[in-house]
Amino acid sequence: MLNCTNAENADEDSGALTVLAMLVICIIALSMGCTVTLEAFQDVWRTKRRAFAIGLVSQFVLMPLFSFGAAHALDFEPR
């Protein structure tokens, strides 16, 4: 149980909650990935190559560049 009156325990509880949340997200992502078949991947590759390429470039090029640009524009300090 989270005790807000003791800051030391709150940090420990927060860390445990973070680990639990990440574990749940990993389990959900893994279970969704297990339901995708090779035929589904092949179908997407055959019929929607352009959409696949747009998604790939967006995920691994545009989003990181946008995030870096936004952090730089807002003058965020590195941790």
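Because the structure is predicted, anything quoted here is derived from the model rather than measured.

Peer 1: What should I look at first to understand the overall build of the protein in this one?
Peer 2: When you go through the protein residue by residue, the secondary structure sums to three helices and zero strands. Element order for the protein, N to C, with α for helix and β for strand: α-α-α. Total accessible area computed for the protein in this model is approximately 7,500 Å², and 70% of it derives from carbon and sulfur atoms.

Peer 1: How do you make sense of unusual backbone geometry when you look at a structure like this?
Peer 2: Most peptide bonds take the trans form, and the phi angle of most residues other than glycine is negative. A positive phi angle, near 55°, is found at Asp-75, a position not held by glycine. Along the chain, Asp-75 turns up in the segment after α3 (49-73). By relative accessible area, which is 58% here, Asp-75 ends up exposed.

Peer 1: Would you take a moment to explain a nonpolar patch on the surface for this structure?
Peer 2: There is a patch of nonpolar side chains on the surface, built from Val-44, Trp-45, Phe-52, Leu-56, Val-57, Phe-60, Val-61, Leu-62 and Leu-65 and spanning about 850 Å² of accessible area. Among the elements that line the nonpolar patch, the one with the most residues is α3, at seven residues.

Peer 1: Is there a simple way to explain the confidence of the model for the protein in this structure?
Peer 2: Do not read the predicted coordinates in detail wherever pLDDT is low. Mean pLDDT over the protein works out to 86, with 85% of the residues at or above the 70 mark. Within the protein, the lowest mean pLDDT, 83, falls on helix α1 (residues 7-34), and the highest, 94, falls on α3.

Peer 1: Is there a simple way to think about α3 in this case?
Peer 2: In an α-helix, one turn spans 3.6 residues; hence positions three or four apart end up facing the same way. Under the 1.5 Å per step criterion, the end-to-end length of α3 is 34 Å for 25 residues, consistent within 8% with the ideal 36 Å. Two residues or fewer after α3 comes Asp-75, characterised by a positive phi angle close to 55°.

What counts and what doesn't
- Residues numbered from 1 in each chain as written.
- Predicted model: local features only at pLDDT ≥ 70, side-chain atom pairs only at ≥ 80, totals over all residues.
- Heavy atoms only, no water.
- Helix = DSSP H or I, 4+ residues; strand = E, 2+ residues; numbered from the N terminus.
- Areas by Shrake-Rupley, 256 points an atom, 1.4 Å probe, with all protein chains shown as cover.
- Buried < 20%, exposed > 50% of the residue type's maximum accessible area, 1.4 Å probe, protein only.
- Patch = residues over 30% accessible without salt bridge, like charges linked within 9 Å, V, L, I, M, F, W, Y side chains within 5 Å.
- Salt bridge = Lys/Arg side-chain N within 4 Å of Asp/Glu carboxyl O.
- pLDDT = per-residue confidence, 0-100.
- Expected span 1.5 Å × (residues − 1).

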